[in-house]
Amino acid sequence: MKRINILDPETVRLIAAGEVTENPACVVKELLENSLDAGATRITAEIKNGGIKMIKVSDNGHGIYRDDVKDAFSRHATSKIKSKEEIENINSLGFRGEALASISAVSKTEIVTKSNSEMIGTKITVTGGEFGEISDAGRFIGTDVCVKNLFFNTPARMKFLKKETTEGNKVASVIDKLALSHPEVSFKFIRDGKLCLFSPGDGKISSAVYSVYGKEFLDGTMPLKGSLGKMKITGLVSKPENCRPSKNLQIFFINGRLIKSKLISTALEEAFKNSVMVGKSPYCVIYLSIPANLIDVNVHPAKTEVRFADEKAVSELVFSTVKNCLVNKNKKDFEKYIPSSKKQESNFYFEDGANAVQSFENPGVINLFGLQSLFKTSSNKNEKISLTGKTNLFMNKSLRENFKVVGEVFGCYLILECKNELIFVDKHAAHERIIFEKMKKSSSEYSSQMLLNPVTVTLEKQEYCAVIENLNLFSKSGYEIEDFGSGTVVVRSAPMYEDLDDLANSVIEIANCILDNKKSNETKKLEWIYQNIACRSAIKAKSKTSVEELVKLVNDISEKPELRHCPHGRPIYIKFDKNFIAKRFGRI
Ligand code: ADP
Ligand code: MG
C-alpha cells in the first residue's frame, strides 16, 4: 500500500509560507527590509488591528519593473543574487526570494509600484497565492505593499496569534529596531491611525535613538567608536549607573542587520564587569561593520543569527572598545571631582576594570573609581562598641528578658544570645522576609505611596506590552501606572516599601518576570512582585545599619518565630546550642 504522498502545490505553498510568516511582525520586517534593499530614504509603515487586518509599507525605493512584478511573488525569485558564489558576499538584507511568495500565500496582498524608467505604475493583487490581473496605477517612484486579512486561509496559524495589542507591540518592536538600524532613513509608523514613531533620517545615531527610545534613554548613554583590521564598531552604550536589570535593550546590528549574538553580549558584559552591580546589564545600540566575506548570514531563516569567520577578533573589538569608553568616562568623572591643581596623581589600571588613582597628597590613600560613586566610608567604631549597652533601651519586654544582642559581624550578621543558644541572624534575609509578610498581609490601598514626582520608565516594546496588559496586577501590588504611549509608562504611586531610587528598575524587572512566567497564575505573580520589592527595600548586607534598625529587626523576628526563611528560601538565622560549642572546646 502506498503511504507517501507528493503534496499538491497549494499545500506546499502554505507549509512554506509558515516558515517565514509567523505573525504580523515577521511580515512587517520582511516588507521593511525589501524597502531598505530598494534604497528607500523614506519609509512609512501602517498597521490596523495589530497588523492582522492590514499592514501597509510604502517606500521611495527603486520600484519593480512591470515585467518583474509576477516573478517577485514566486518562491526563490530574487533580484539580489544570481548564483551560489554571491551567497558568500551578501550585502542586502534579503536574498532568499521567499518573503513575498510566503506572505501572499496566506493573505490578500496588493502591490503598487513604479520604477525609474517607466512612465506609469503597476498594480497587482495576489490572494492566497492566486494572481489577479495586472493594471496601471499612478504613483511616484517606489513601492506600496498592502497585506490584508493575514492567515485568512490558515485558521490554525490564526489561532496562534496573540491579542491585537500584543501583535501590534511586536510590530512596533520590529520597526524600532529597523529605524535604529538605518539612521540615514526616515521611518514613520502609524498604528490604528495614530503616529507612533517618526525618525528624521538625518544619519545621526543619536537622532534615531532619540526618536525610538526617547531623551532619557539617550541621555543615559555614551558614544563608542573603534576598529580592528577591517572591522569597525560604533554606537551608544549605557553609562554604568544607568544599567538595567534586563538584557532586552542590548541591540546589535551587523552591516545594517539586526542580530542576536551571545558572543557580542558576553564581550559587552565582560567589559562592564566590576563597573555594574550584580544583576544589572548595560543597554546599547551597537553597529558593527564587518566585511561580508567574514560572516555567514545564511544560518537562520529569519536571518537573526550570523556566524563569524573570526569570533575572537569580533569579541576583542567589542570588549576593548567598550572598555576604553568606560575608562575614559571614569577619567572624566575623576577630573570633574578633583580641582585641577590636584590632578597630578599617578594612574593605575586594575585588572578588574576599576581605575585607581593614588592621592598625591596622601600616598597611603587610594581612591577607587569604576564603581558608581566614590567611596570613602567611615566605620563608626563608637556606635559598634556601644551596641550592647544601647540596645536595651529599644527592646520590648519579652525580648529584654530572653535575648542579649552580642553585636553585628561582617556587616551582615547579627549575633544574639538566647538562653542556651547562640543565634546568627542574616540581617538582609530577615528584613526581606518581614517586609514580604507585611506586603502579603496589607492590601494595596494601605501600602501605596503617592509620588511627588511621577517617574517615567522607558521600556522595550515586549516589556511595555507586559506592563500595559497587567496594569491590574501592578495596581494590586501598589503601583499606579499610566500608559504614556510608544514604550513609555509613568508611575504615579508605588508600594509603600518600594525603594524609590530603584523604582524604574523594579518596573522593568517585574515586566520581565511577567514575560518569563506567562503561564503562572496571578497569586504566583503577585508573590514574585512582593519578593522583588522586599528584596530591594530590605537593608543590605555590608551596608551600614543603625542600632535602632537592628533592634527593630530583632523585635520583629522574635515576634514571629515561625518565619525561618527569606522569600527566596535562604535561612534567616542559624542557631548553635551551648552544649555544641562546649563540646567543640572539649569542655564536656
Ligand atoms: P528577497 O528580498 O529575498 O529578494 P522577496 O520575496 O522579499 O525576496 O522579494 C522578491 C523581490 O521583489 C526582491 O528581490 C525585489 O527585487 C522585489 N521587491 C520586493 N519588495 C520591493 C520593494 N519594496 N521595492 C523594490 N523591489 C522590491
Ligand atoms: Mg525580501
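Relevant structure appears above.
With that settled, consider the overall build of the protein. Per the secondary structure count, the protein includes 20 helices and 26 strands. The buried share of the protein, reckoned over its 588 residues, is 48%. A sequence separation of at least 24 residues applies to 66% of the contacts in the protein between residues at least 6 apart. Here the protein has roughly 31000 Å² of accessible surface; of this, 53% comes from carbon and sulfur atoms.

To continue, consider the nonpolar core. Counting residues in hydrophobic clusters, the biggest one holds 53 residues, and the most contacted among them are L31, L32, L180 and F187. For this core, the element with the most residues is helix α7 (residues 164-181), which contributes 7 residues. When residues no more than four places from it in sequence are discounted, the contact partners of F187 are L32, L36, I43, L178, A179, H182, L197, F198 and S199. M222, I264, V314 and V318 belong to the second-largest nonpolar core, a separate cluster that totals 33 residues.

Counting buried residues in strand β11 (residues 231-238) gives 6 out of 8 residues, a clear majority hidden from the surface. Sheet topology places strand β10 (residues 221-228) next to β11; 8 bridges connect them, and they run antiparallel. Bridged to L228 within β11 is M231. Counting the residues in the hairpin turn of β10 and β11 gives 2 residues, including G229, whose phi is positive at 60 degrees.

Okay, the packing of helix α15 (residues 461-468) against helix α17 (residues 503-516) next. Contact geometry of α15 with α17 gives a least axis separation of 9 Å together with a crossing angle of 85 degrees. What the angle tells us is that α15 and α17 run roughly perpendicular. Contacts between α15 and α17 pair Q462, E463, A466 and V467 from the former with V507, I508, A511, N512, I514 and L515 from the latter. Looking at the contact of α15 with α17, its residues break down into 7 nonpolar, 2 polar and 1 charged.

This paragraph deals with helix α2 (residues 24-37). Its 14 residues place the ends of α2 20 Å apart at the C-alpha level, agreeing with the 20 Å of an ideal helix rising 1.5 Å per residue. Counting buried positions along α2 yields 11 of 14 residues, so the element is predominantly enclosed. By the burial criterion, the buried members of α2 are P24, A25, V27, V28, K29, E30, L31, L32, E33, S35 and L36. Here the buried face of α2 lies against β1 (42-48), β2 (54-59), α5 (99-105), β7 (142-148), α7 and β8 (186-191). Backbone geometry just after α2 places G39 at a positive phi near 75 degrees.

Here we come to the sheet that holds strand β24 (residues 480-483). Spatially, 3 strands are ordered β23-β25-β24 in an open sheet, and the strand pairing comes out antiparallel. Whereas interior strands pair on both sides, the edge strands pair on one side only; in this sheet they are β23 (448-458) and β24. Going across the sheet, the axis of each strand differs from the next one's by a mean of 15 degrees, ignoring polarity. As defined by bridge partners, β23 adjoins strand β25 (residues 488-495) across 7 bridges and the pair is classed as antiparallel. The partner of T458 across the bridge, within β25, is T488. In the packing of α15 onto the sheet, the strands contacted are β24 and β25, and the crossing angle to β25 comes to about 45 degrees.

A word on the sheet that holds β11. Across the sheet, which stays open at both edges, the 5 strands sit in the order β10-β11-β14-β12-β13 with mixed pairing between neighbours. Looking at strand neighbours, the two that pair on one side only are β10 and β13 (257-259), the edges of this open sheet. Strand after strand, the sheet turns through a mean of 20 degrees between neighbouring axes, direction not considered. Packed onto the sheet, helix α8 (residues 205-219) meets β10, β11, β12 (250-254) and β14 (284-289) and runs at close to 30 degrees relative to β11.

A few words now on the site of ligand 1. Residues in contact with ligand 1 amount to 19 residues; listed here are only the nearest, N34, T78, S79, K80 and G97. In this structure, a nitrogen atom belonging to ligand 1 sits 2.9 Å away from a side-chain N or O atom of D59. In this structure, A99 approaches ligand 1 through a main-chain N or O atom, which is 3.2 Å from an oxygen atom. Out of a free accessible area of 530 Å², ligand 1 has 94% covered by protein chains. Here the shell around ligand 1 is built from residues that sort into 7 nonpolar, 8 polar and 4 charged.

One can find T21 in the loop between α1 (9-20) and α2. Residue classification places T21 among the buried residues on the basis of a relative accessible area of 2%. With near-sequence residues (within four places) excluded, T21 lies in contact with C26, V27, S102, I103, V106, L150, F151 and R157.

Parameters and conventions
- Residues numbered from 1 in each chain as written.
- Chains lettered and ligands numbered in written order.
- Predicted model: local features only at pLDDT ≥ 70, side-chain atom pairs only at ≥ 80, totals over all residues.
- Heavy atoms only, no water.
- Helix = DSSP H or I, 4+ residues; strand = E, 2+ residues; numbered from the N terminus.
- Buried < 20%, exposed > 50% of the residue type's maximum accessible area, 1.4 Å probe, protein only.
- Contact = heavy atoms within 4.5 Å.
- Areas by Shrake-Rupley, 256 points an atom, 1.4 Å probe, with all protein chains shown as cover.
- Core = buried A, V, L, I, M, F, W, Y, C linked by side-chain atoms within 4.5 Å.
- Pairing = 2+ DSSP bridges.
- Axes fitted to C-alpha atoms, helices over the stretch in contact; angles between N-to-C directions.
- Parallel < 35°, antiparallel > 145°, perpendicular 65-115°, else oblique.
- Nonpolar A, V, L, I, M, F, W, Y, C, P; charged D, E, K, R; others polar.
- Expected span 1.5 Å × (residues − 1).
- Near = heavy atom within 4 Å.
- Polar contact = N/O pair within 3.5 Å; in protein donor to acceptor, adjacent residues only side chain to side chain.

Treat this as a map of the structure, not an account of what it does.
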